[in-house]
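As a plain string of letters, each chain reads:
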Amino acid sequence: MIFLAEPNLTGNERKYLNECIDTTFVSSVGAFVTKLEQEVADVVEAKYATAVSSGTAGLHMALRAGGVERGELVCIPSFTFIATANAVAHCGAEPWLIDVSEISWTMDPFVLEKELEEKTYEKNGQWYHKETGKRVAAIMPVYTLGLPAMMDRLREIGEKYQLPLIADGAAAIGAQYNGGNIGSIADATVFSFNGNKTITCGGGGAIVSNNKELIERARHLATTARCGIDYEHDMVGYNNRMTNLQAAVGCAQLERVYEFVDKKRRIRDYYNSQLKDIEEVSLFPDADWAKSACWFSGVVLGRRYKVKEICTALKEKDIEARTFWKPVHLQKPYKHAQRSNMPVSERIWEEILTLPSSTGITDEELAYVVTTLKNILKG
Ligand SMILES: *Cc1c(COP(=O)(O)O)cnc(C)c1O
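Since the model is a prediction, treat every value here as computed from it, not as a measurement. (Residues numbered from 1 in each chain as written. Predicted model: local features only at pLDDT ≥ 70, side-chain atom pairs only at ≥ 80, totals over all residues. Heavy atoms only, no water.)

Considerations on the environment of Trp289
Topologically, Trp289 is positioned in the loop between strand E12 (281-283) and strand E13 (290-291). Residues Trp289 and Tyr177, 112 residues apart in the sequence, show an inter-C-alpha distance of 6.0 Å. When sequence neighbours within four positions are dropped, the list of residues in contact with Trp289 reads Ile103, Ser104, Pro148, Ala149, Met150, Gln176, Tyr177 and Asn178. Of note is the side chain of Trp289, whose polar atom sits 3.4 Å from the backbone oxygen of Ala149. (Helix = DSSP H or I, 4+ residues; strand = E, 2+ residues; numbered from the N terminus. Contact = heavy atoms within 4.5 Å. Polar contact = N/O pair within 3.5 Å; in protein donor to acceptor, adjacent residues only side chain to side chain.)

Structure representation (structure tokens):
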């Protein structure tokens, strides 16, 4: 079977895990945790980082540290993994779902601005949702498939409405924005190191920011809000720290981050070059403002194809392929959430076919995927 996204553990993972066992530092304090935080900050060029137990926990802690409170609203794109919305709900807040742009599949700044303009009012420098009276507390753009959102425009909107930008960059480590790095284009950025991401810790995540207080607040919340070494806690905290075992794997992975991202981009280029001329097949978006980290590659299939059927046909040929995110507003827990109209999200999600994109995939396997897919599409 050629898998969609298989962890690539052929570096120092085993060696570093053995170091954890030999030193007995297996839990949430240890040299690898500190090292991972420093290295993630370096790779994305942010000043500060804190490691957490998952991307979802990172989003949750970052929203809380960024000032999101119970009963408030956070603007997120509907076309995202459900964890983005769940992190908002874990704060006791509610997602305000915004459609994505046709050209990038990231939050559409025009739709966001129109929603805020039409549906909020201002009081003492804060903006409130007219219908519910709820305060709007943050904007959480998602770097879809590793492609940074239109951050310049979103930042302008954030400034106008006094809203922090907390980015869900879960799969975007290694991406670029306007020729620079992504570590400081939002007030805080969250990465995931889940098993299917470019860099994995088994499970884990990190929050980066240039705002030291924000990172300290997030770390404090994630560490049971403990003050000092005695059992003194100053708020209801969480146990969301990354362990040294997870960080050991992550440190070994980070030694290869540029190699992995480079490979991901070559996979994207190969699929694009081989599949671009097929009728009713179009490519995943690219942008002139950013360079994607190309977490997953694949194609967009026109209406004459049923993506699920193509997946089944590929599976019969030992190729794992899948549909992609079902928009949040179509998910049971969020069907009553505030939202914009969703023409783009509703159209694209049923047309996307993700193809094997593991960093360990060989040229022969890639060629086999392409030949097999072409045959299936020909019918
Ligand atoms: C993977 C992912 C997450 C969740 O990360 P976990 O580490 O699995 O909790 C959140 N948002 C997006 C966009 C993701 O791709």
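So, next bit.
Details of unusual backbone geometry
Of note, the phi angle at Thr24 is positive, near 65°, even though the residue is not glycine. Counting through the fold element by element, Thr24 comes out in the loop between helix H1 (13-23) and helix H2 (31-44). Unlike most non-glycine residues, Trp105 shows phi in positive territory, near 60°. With respect to the helices, strands and loops of the structure, Trp105 is situated in the loop between strand E3 (94-98) and helix H5 (109-119).

Some remarks on the site of the ligand
Within the structure, the ligand sits among 17 residues, and Gly55, Thr56, Asp168, Ser192 and Lys197 are positioned closest to it. Within the backbone of Gly55, one N or O atom sits 2.7 Å away from an oxygen atom of the ligand. Within the side chain of Asp168, one N or O atom sits 2.7 Å away from a nitrogen atom of the ligand. Considered on its own, the ligand offers 390 Å² of accessible surface; in the complex 91% of this is hidden by protein. With respect to the detected pockets, the ligand is housed in the largest pocket. For the shell around the ligand, the secondary structure elements donating two or more residues are helix H3 (55-65) and helix H4 (82-90). If you tally residues by element for the shell around the ligand, the top one is H3, at three residues. When the residues that make up the shell around the ligand are grouped by side-chain class, the tally is seven nonpolar, eight polar and two charged. (Near = heavy atom within 4 Å. Areas by Shrake-Rupley, 256 points an atom, 1.4 Å probe, with all protein chains shown as cover. 1 Å grid on protein atoms, 1.4 Å probe; cavity = no way out; pocket = protein on both sides within 12 Å on 5 of 7 lines; lining within 4 Å. Sits in = over half its atoms within 2 Å of the grid points. Nonpolar A, V, L, I, M, F, W, Y, C, P; charged D, E, K, R; others polar.)

A look at the side chain of Arg268
Residue position: Arg268 is located in helix H9 (residues 257-275). Classification of Arg268 by relative accessible area gives buried; the value is 17%. Apart from residues no more than four positions distant in its own chain, Arg268 is found in contact with Asp286, Cys294 and Ser297. (Buried < 20%, exposed > 50% of the residue type's maximum accessible area, 1.4 Å probe, protein only.)

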